[in-house]
Amino acid sequence: MSKYLVTGGAGYVGSVVAAHLLAAGHTVTVLDDLDTGFERGVPAGAAFVRGRIQEAADVLDPSYDGVLHFAAHSRVGESVEDPEKYWRNNVAGTLDLLAAMRAAQVRTLVFSSTAAVYGEPERTPITETDPTAPTSPYGSSKLAVDHMIGGECAAHGLAAASLRYFNVAGAHFTDDGAAYGERHDPETHLIPLVLQVAQGRRESVSVFGDDYPTPDGTCVRDYIHVADLARAHLLALEQAMPGEHLICNLGNGNGFSVREVIETVREVTGHPVPETVAPRRSGDPAVLVASADRARGELGWRPERADLAAIVEDAWRFAQRVAEESA
Ligand code: UFG
C-alpha cells in the first residue's frame, strides 16, 4: 500500500479520487486551501491540511510515494478576465509543487489536465497528438503545466501522467453512505444546472446557441462519469515510469448535444425542464469528443458508466441529497 498527497482533494474530482485511493487501501493526505473546495468533501480516513500548493514543501517528505495534483482555478470565463490569477496559481504554484516533490524525493505525479488544451479542434475524435491551441488562459495554464511536467520527467526522472479530462459529470457513492459530487458556486456546468431546473431551483436552462454545425444545432460534448475518471488515476499511478510522461485523454468517445442532455434529464428525473435559446457562449467549440484509445491501450482503462442516463442518474441522486442537506 502507498501514501499519496492529493492537492485539491476537497474539490469535485480530487475528492472522488481520494475516496478511490482510500478504498484501495492507500494512505491519503489532502492539501486544499478551501478556496473553491469544501471541507466536507474531504473523505473520512484522509488526513487534511488546509493550505496552498505553494506550501506543499511543508507537507511532503520521503514517506510519500506520489502526488495527485488537482488544485487549480478552473473557470474558463474568469481566466479570460483575470489571467494573472491562472498563471500565478496554476502555473507558478505547480512549479513550487514540483520543486517540493524533488526536495522530498517524491517522484510520481498524476496531473489533472483538460480537453481545453486543444482549443477549437480541427477534427474529432481528438487524439493526444492533435495540435494544442487553447482558447483561454485556463487552457493555456494547463498546457503550460503539461509541458513543465514533461521537462521534469526528462531532466529529473519524474514518473508522471497528465490526464486530459473531457466533460466530467456524475457523482460517486461509497458503501459507507458517503457521497461525492459537484458543489460549484457559482455553478456553470450544464448537467448540474439542468438538474437545478428539474428541482425547481431555477426557472429554465439557457441553451447557449442552437446554430452550431451539429445535428440539432447545439454543442456536442463527451461526458465522462467521475468514478470512471477516478479509476484512470489509480491505473496511471501503477503505470507511471521514471523519466516518462504519459499524456492521456479521458472521455467515452461519444458525443451528446446540449438538447440531448436536457432530454435525458427530463427522462431520468420525470420533471419538466423548460429551456430557452440564448446567444452562443464565447470560446465554446462546437464539438469536443475524445479518442480514448490511448487510455485503453496504455492504462487498460475501461469506462463502466459510459451511458449518459447512468451519469445523469448519479448526478441527480447527488443533487437530491444536497437539497435534503440544505433543507
Ligand atoms: N451550456 C449551455 N447552457 C448552460 C451551461 C452550458 O448551453 O447553462 C452548454 C455549453 O455552451 C457547452 C455545454 O453546455 O456547449 C457544456 O458546458 P459546460 O460548461 O458544462 O462544460 P464545457 O464544455 O464548457 O467545459 C468543459 C470543462 C472545462 C474545460 C472545457 C473545455 O468543464 O473545464 O470543457 O472546453 F475547460
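That block above? That's the structure.
Residues numbered from 1 in each chain as written. Predicted model: local features only at pLDDT ≥ 70, side-chain atom pairs only at ≥ 80, totals over all residues. Heavy atoms only, no water.

Re the nonpolar core
Here is step 1 of the chain: Counting residues in each nonpolar core, the largest one holds 39 residues, and the members touching the most others are Val 13, Leu 21, Leu 68, Leu 163, Leu 250, Leu 299 and Trp 301.
Here is step 2 of the chain: Listing elements by their share of this core, those giving two or more residues are strand S1 (3-7), helix H1 (12-23), strand S2 (27-32), strand S6 (159-165), helix H6 (226-239), strand S13 (245-250) and helix H8 (293-299).
Here is step 3 of the chain: Here the element with the most residues in this core is H6; it accounts for 8 residues.
Here is step 4 of the chain: Built from parts of two domains, this core gets at least three residues from each of domain 1 (3-170 + 223-250) and domain 2 (172-221 + 254-326).
Here is step 5 of the chain: When neighbours within four sequence positions are excluded, Leu 299 is seen to be in contact with Leu 163, Ala 232, Leu 235, Ala 236, Gln 239, Leu 246, Cys 248 and Arg 294. (Core = buried A, V, L, I, M, F, W, Y, C linked by side-chain atoms within 4.5 Å. Buried < 20%, exposed > 50% of the residue type's maximum accessible area, 1.4 Å probe, protein only. Helix = DSSP H or I, 4+ residues; strand = E, 2+ residues; numbered from the N terminus. Domains from an automatic or database assignment. Contact = heavy atoms within 4.5 Å.)

Re unusual backbone geometry
Here is step 1 of the chain: Looking along the chain, the bond that leaves Thr 124 and enters Pro 125 is cis, with omega of -5 degrees.
Here is step 2 of the chain: Within the fold, Pro 125 resides in the loop between strand S5 (108-114) and helix H4 (137-156).
Here is step 3 of the chain: Backbone torsion omega between Asp 185 and Pro 186 reads 0 degrees, so that peptide bond is classified as cis.
Here is step 4 of the chain: Mapped onto the elements, Pro 186 comes out in the loop between strand S9 (179-180) and helix H5 (190-198).
Here is step 5 of the chain: One non-glycine residue, Leu 34, lies in the positive phi region at around 60 degrees.
Here is step 6 of the chain: Along the chain, Leu 34 falls in the loop between S2 and strand S3 (47-50).
Here is step 7 of the chain: For Leu 34, a relative accessible area of 16% translates into the label buried.
Here is step 8 of the chain: Unlike most non-glycine residues, Gln 105 shows phi in positive territory, near 60 degrees.
Here is step 9 of the chain: Mapped onto the secondary structure, Gln 105 falls in the loop between helix H3 (83-103) and S5.
Here is step 10 of the chain: Here Gln 105 falls in the exposed class, since its relative accessible area comes to 57%.

Brief notes about the packing of aromatic side chains
Here is step 1 of the chain: With the rule as written, the count across this model stands at 1 aromatic pair.
Here is step 2 of the chain: Ring geometry for Tyr 86 and Tyr 138: centres 6.4 Å apart, planes at 90 degrees, overall edge-to-face. Here Tyr 138 lies in helix H4 and Tyr 86 lies in helix H3, a separation of 52 residues in the sequence.
Here is step 3 of the chain: A relative accessible area of 0% places Tyr 86 in the buried class.
Here is step 4 of the chain: Lying over the aromatic face of Tyr 64, Lys 3 brings its terminal NZ or CZ to 4.4 Å of the ring centre.
Here is step 5 of the chain: The side chain of Arg 317 reaches across the aromatic face of Phe 173, ending 3.7 Å from its centre. (Phe/Tyr/Trp six-rings, centres within 6.5 Å; stacked < 30°, edge-to-face > 60°. Lys NZ or Arg CZ within 6 Å of the ring centre and 35° of its normal.)

Describing the packing of H1 against H6
Between two packed helices, both the angle of their axes relative to each other and the distance between the axes serve to describe the pair.
Here is step 1 of the chain: Where H1 contacts H6, the axes come no closer than 9 Å and their chain directions differ by 60 degrees. It follows that H1 is oblique to H6 by the angle criterion. Our pair here, H1 against H6, has a crossing hand that is right-handed. The residues of H6 that touch H1, namely those facing Tyr 12, Val 13, Val 16, Val 17, His 20 and Leu 21, are Val 226, Ala 227, Leu 229, Ala 230, Arg 231, His 233, Leu 234 and Leu 237.
Here is step 2 of the chain: Split into classes, the residues belonging to the contact of H1 with H6 amount to 11 nonpolar, 2 polar and 1 charged. (Axes fitted to C-alpha atoms, helices over the stretch in contact; angles between N-to-C directions. Parallel < 35°, antiparallel > 145°, perpendicular 65-115°, else oblique. Left-handed = near helix turned anticlockwise from the far one by under 90°. Nonpolar A, V, L, I, M, F, W, Y, C, P; charged D, E, K, R; others polar.)

A closer look at the environment of Ala 56
Here is step 1 of the chain: Mapped onto the secondary structure, Ala 56 falls in the loop between S3 and strand S4 (66-69).
Here is step 2 of the chain: Look at Ala 56 and you get buried, because its relative accessible area is 0%.
Here is step 3 of the chain: Separated by 98 residues in sequence, Ala 56 and Ala 154 place their C-alpha atoms 22 Å apart.
Here is step 4 of the chain: Among all residues touching Ala 56, those that are not within four sequence positions of it are Leu 31, Leu 97 and Ala 100.

Comments concerning the site of the ligand
Here is step 1 of the chain: Neighbouring residues of the ligand: 19 residues in total, closest Leu 190, Ser 206, Arg 221, Arg 281 and Asp 284.
Here is step 2 of the chain: In this structure, an oxygen atom belonging to the ligand sits 2.9 Å away from a main-chain N or O atom of Phe 208.
Here is step 3 of the chain: Here an oxygen atom of the ligand and a side-chain polar atom of Arg 221 are 2.8 Å apart.
Here is step 4 of the chain: In isolation the ligand exposes 690 Å². Once the protein is present, 90% of that is buried. (Near = heavy atom within 4 Å. Polar contact = N/O pair within 3.5 Å; in protein donor to acceptor, adjacent residues only side chain to side chain. Areas by Shrake-Rupley, 256 points an atom, 1.4 Å probe, with all protein chains shown as cover.)

Structural notes on the sheet that holds strand S11 (residues 220-221)
Sheet strands line up and pair through hydrogen bonds in the backbone, either parallel or antiparallel.
Here is step 1 of the chain: The mixed open sheet is built from 3 strands, whose spatial order is S14-S11-S16. Either end of the sheet is taken by a strand with one partner, and the two such strands are strand S14 (256-257) and strand S16 (287-288). (Pairing = 2+ DSSP bridges.)

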